[in-house]
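Each chain, letter by letter, is given below.
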Amino acid sequence: MRSNRDHNGVGITGTGFYVPPFVLTNFDLPEALETSDEWIRQRTGIRQRYIADESTNTSELAAIAATKALKQARLSPKEVDLIIVATSTPDNAFPSTAALVQQKLACHAAAFDLSAACSGFVYALSVGSQLIRSGAYKTVLVIGADVFSKILNWNDRNTAVLFGDGAGAVVLQSLPGSFPCYSLLGADGSGSELLKSPVTGPVTMNGREVFKFGVRIFDALLRKVLDDLSLSIDDIALIIPHQANIRMIEKAAESANISLDKVFVNVEKYGNTSAASIPIALAEAIEQNRVRSGDIVVLIGFGAGLTWGVQVIQVA
């Protein structure tokens, strides 16, 4: 693990998210899965998820979320210097999904994709904040977007009930005098078989081992953040983890000895949206006034790779 503490101050000045209109509840899942609403809720906390139709690609969801984030930041697309899209379900092998978002926004920003599965948004946020810190860019649009419905085996109960589609975006800008943002990223390729997918799917997962990994890394990352930054849990407005499973989040909070009230959870509405999970949760937390201007948030991602990452950042 390597950490970076940004002494120049980078903050989030706008957020936005988008999910497709079609809602798939637990009751709507195929009978072939041999599952039930009760079975899914008890094990995951998920009640429903949003599913894109076959003609909708990741770039379309990403562009809508980005437009909302820019509107909240009161910026035009032409003021964006760089677009980073974290995704495991790109529209194409190339061109990048980020380039397609750039086209949809009608701007001239540099653009590239980043692949780190469910940790992707935190990875991209770390890269974006450090590029601003370096002076290379002033305004960076960071997007997490995935359409996992296209790569699922809908007859596999272990995965089909978990995932949904969506996109979340944030605008990063320099904030002189703000709390120094902090990032910590890590990976362990020896766990690559635990959660994986070929380019066209299907997703396969060792749920038990992934669950244990998520609980362990949440606790380790939070303790590291508090220690490195000499913070108490009271200094943090909200912890926003990857929305994989409510039981995982509850167990992780218990292990870290923190109240679940300090942790934002919306997995019941969206399921696991992979790289979109954290930015959707952040945008919704701001909508609900769980996060206000000037607040410090801790974003914790973990997923296939195995990868993990944490970002501590201030909301403008």
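Treat the numbers as computed from the prediction; the structure is a model and nothing was measured.

## Details of the packing of aromatic side chains
Step number 1: Throughout the structure, instances matching the rule amount to four aromatic pairs.
Step number 2: A centroid spacing of 6.1 Å and a plane angle of 80 degrees characterise the contact between phenylalanine 17 and tyrosine 270, whose relative ring orientation is edge-to-face. Pair noted here: phenylalanine 17 is in strand 2 (residues 10-18) and tyrosine 270 is in helix 8 (residues 267-270), with a separation of 253 residues, a long-range link. For the pair phenylalanine 17 and tyrosine 270, one class covers both residues: buried.
Step number 3: Through a chain of ring-to-ring contacts, three or more aromatic side chains come together here, namely Phe17, Tyr50 and Tyr270.
Step number 4: In this arrangement the basic side chain of arginine 157 is found over the ring face of tryptophan 39, its NZ or CZ atom lying 4.3 Å from the centre.

## Section: the confidence of the model for the chain
Step number 1: Scored by pLDDT, the chain has a mean of 95; 97% of the residues are at 70 or more.
Step number 2: Confidence, expressed as mean pLDDT per element, reaches its minimum in the chain at strand 1 (residues 2-5) with 48 and its maximum at strand 5 (residues 82-86) with 99.

## Regarding the pairing of strand 5
Step number 1: Within strand 5, five of the five residues are buried, leaving the element largely enclosed by the surrounding structure.
Step number 2: Because side chains alternate across strand 5, one face comprises the buried residues Leu82, Ile84 and Ala86, and the other comprises Ile83 and Val85, equally buried.
Step number 3: Tracing the backbone out of strand 5, into helix 3 (residues 97-105) and back to the parallel element strand 6 (residues 110-114) gives a crossover that is right-handed.
Step number 4: Relative to strand 7 (residues 139-147), strand 5 runs parallel, the two being bridged by five bridges. Residue pairing for strand 7: alanine 86 is matched across the bridge by glycine 144.

Quick notes on the rules
Residues numbered from 1 in each chain as written. Predicted model: local features only at pLDDT ≥ 70, side-chain atom pairs only at ≥ 80, totals over all residues. Heavy atoms only, no water. Phe/Tyr/Trp six-rings, centres within 6.5 Å; stacked < 30°, edge-to-face > 60°. Helix = DSSP H or I, 4+ residues; strand = E, 2+ residues; numbered from the N terminus. Buried < 20%, exposed > 50% of the residue type's maximum accessible area, 1.4 Å probe, protein only. Lys NZ or Arg CZ within 6 Å of the ring centre and 35° of its normal. pLDDT = per-residue confidence, 0-100. Right-handed = clockwise from strand over helix to strand, strands pointing away. Pairing = 2+ DSSP bridges.

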